[in-house]
Amino acid sequence: MNTPATPAAPACRDLGAVTRTRLTDPDAIRRAAQDRPRFDKAGLARPLFILAADHPARGAVAAGGNPTAMGDRHDLLARCVEALSRPGVDGFLGTPDLVEDLTLLGALDGKLVLGSMNRGGFPGATFELDDRFTGYDARGIAEAGLDGGKMLLRVDPADPGTADTLTATTRAVNELAERRLLALIEPFKSVRADGRVRNILEPDAQIWVNNIAAALGRTSAYTWLKVPVVPEMERMMASTTMPTLLLGGEGGGDTDAMYASWERALRIEHVRGLIIGRTMLFPSDGDVAGAVDTAVSLLGRGA
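Remember, it's a predicted structure, so these values are computed and weren't measured experimentally. (Residues numbered from 1 in each chain as written. Predicted model: local features only at pLDDT ≥ 70, side-chain atom pairs only at ≥ 80, totals over all residues. Heavy atoms only, no water.)

## A word on the overall build of the protein chain
A count of helices and strands for the protein chain gives 11 helices and nine strands. Along the first, second and third principal axes, the C-alpha set of the protein chain runs to 50 × 40 × 40 Å. Across the 303 residues in the protein chain, those meeting the buried criterion constitute 52%. Once local pairs closer than 6 in sequence are excluded, the contacts in the protein chain between residues at least 24 apart make up 70%. Total accessible area on the protein chain is roughly 13300 Å²; 50% of this is exposed by carbon and sulfur atoms. Of the charged side chains in the protein chain, 34 are positive and 39 negative; the average position of the first set lies 3 Å away from that of the second. (Helix = DSSP H or I, 4+ residues; strand = E, 2+ residues; numbered from the N terminus. Buried < 20%, exposed > 50% of the residue type's maximum accessible area, 1.4 Å probe, protein only. Contact = heavy atoms within 4.5 Å. Areas by Shrake-Rupley, 256 points an atom, 1.4 Å probe, with all protein chains shown as cover. Lys, Arg positive; Asp, Glu negative; His and termini not counted. Charge placed at Lys NZ, Arg CZ, Asp CG, Glu CD.)

## Some words on the environment of Val81
You can see Val81 is positioned in helix α3 (residues 73-84). Here Val81 falls in the partly exposed class, since its relative accessible area comes to 32%. The sequence separation of Val81 and Leu108 amounts to 27 residues, and the corresponding C-alpha distance is 8.7 Å. Look past the residues within four positions of Val81 in its chain and what remains in contact with it is Leu102, Leu105 and Ala107.

## As for the side chain of Thr240
One can find Thr240 in the loop between α8 (233-237) and β8 (244-247). Not counting residues within four places of it along the chain, the set of residues in contact with Thr240 comprises Leu225 and His270.

## Some words on the packing of aromatic side chains
All chains considered together, the criterion is met by two aromatic pairs. Arranged with centres 6.0 Å apart and planes meeting at 75°, the rings of Phe122 and Phe127 form a pair that is edge-to-face. On the numbers, 5.5 Å between centres and 85° between planes, the contact of Tyr259 with Trp262 is edge-to-face. Of this pair, Tyr259 and Trp262 both sit in helix α9 (residues 255-265), three residues apart, which is roughly one turn of the helix. The class of Tyr259 is buried, set by a relative accessible area of 14%. Directly above the ring of Trp208 sits Lys189, whose terminal nitrogen or CZ lies 4.7 Å from the centroid. (Phe/Tyr/Trp six-rings, centres within 6.5 Å; stacked < 30°, edge-to-face > 60°. Lys NZ or Arg CZ within 6 Å of the ring centre and 35° of its normal.)

Structure below.
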């Protein structure tokens with residue numbers, strides 16, 4: 001078993017220090033990543049709770065009905081730090097800018113950290129489904145000491161951009177597997193209507209795209225899936241043997257129903273936890289700690 005190292009003092013004690021460090025000692029980011037205590041891989045045997053905050057990199061800053069909720073980076077980082085400090089939070093998913101800020105602050109010590117890879121499919125863009133890899137690549141994930149990478153895969157048979165995204169995702173799966181790093185694929189069947197891309201959140205559509213995602217690359221040994229909660233979850237989840245995490249969406253709806261749907265889905269054996277972002281960071285009542293604690297309690301690991 002890997003025993004986590006004892007955390008050292010963080011490189012930065014506040015957000016102001018993060019900016020000063022970026023200005024005067026940018027190599028501190030590399031040193032902090034190198035020294036960061038790693039996640040104990042024995043923790044993969046339990047259901048996981050991972051905080052996600054990779055949305056702003058593709059211009060998706062809305063949350064909880066506020067169109068710019070995630071646009072204030074200082075506020076977003078403060079919310080991430082609070083959420084990551086709660087008991088039972090295992091990890092973080094983010095782009096390099098956020099991962100590096102949180103590493104400097106010591107908020108990712110001992111956490112499972114996943115790097116977000118393709119963030120180039122900006123909402124509303126004509127090239128949205130040609131979802132370019134503008135974030136981490138496999139080399140960067142390995143050099144930063146992260147545990148794996150995440151790819152968004154929206155498949156629209158009517159959009160030619162999907163072909164390039166499929167090819168790039170396959171390449172990323174291969175390059176992560178070569179380094180024995182987790183490849184987390186978030187697949188959707190998508191359609192474009194009136195210039196907007198919409199994901200089809202129905203069981204048959206998710207079954208179709210799960211099968212496509214699981215087969216990408218020369219090996220699936222390190223592939224996990226990240227999927228939405230849809231009707232008939234048991235039938236949908238029978239489409240794969242991959243370890244799977246549940247995503248949360250934008251939030252702003254009926255929170256009791258949301259938690260209940262997660263709890264039911266978590267009873268499926270190969271659903272291995274939650275990877276939730278906006279609904280935790282921007283809950284309707286403003287209580288980040290309370291939202292995280294409630295979600296963690298669904299895993300049978302209450303705070």
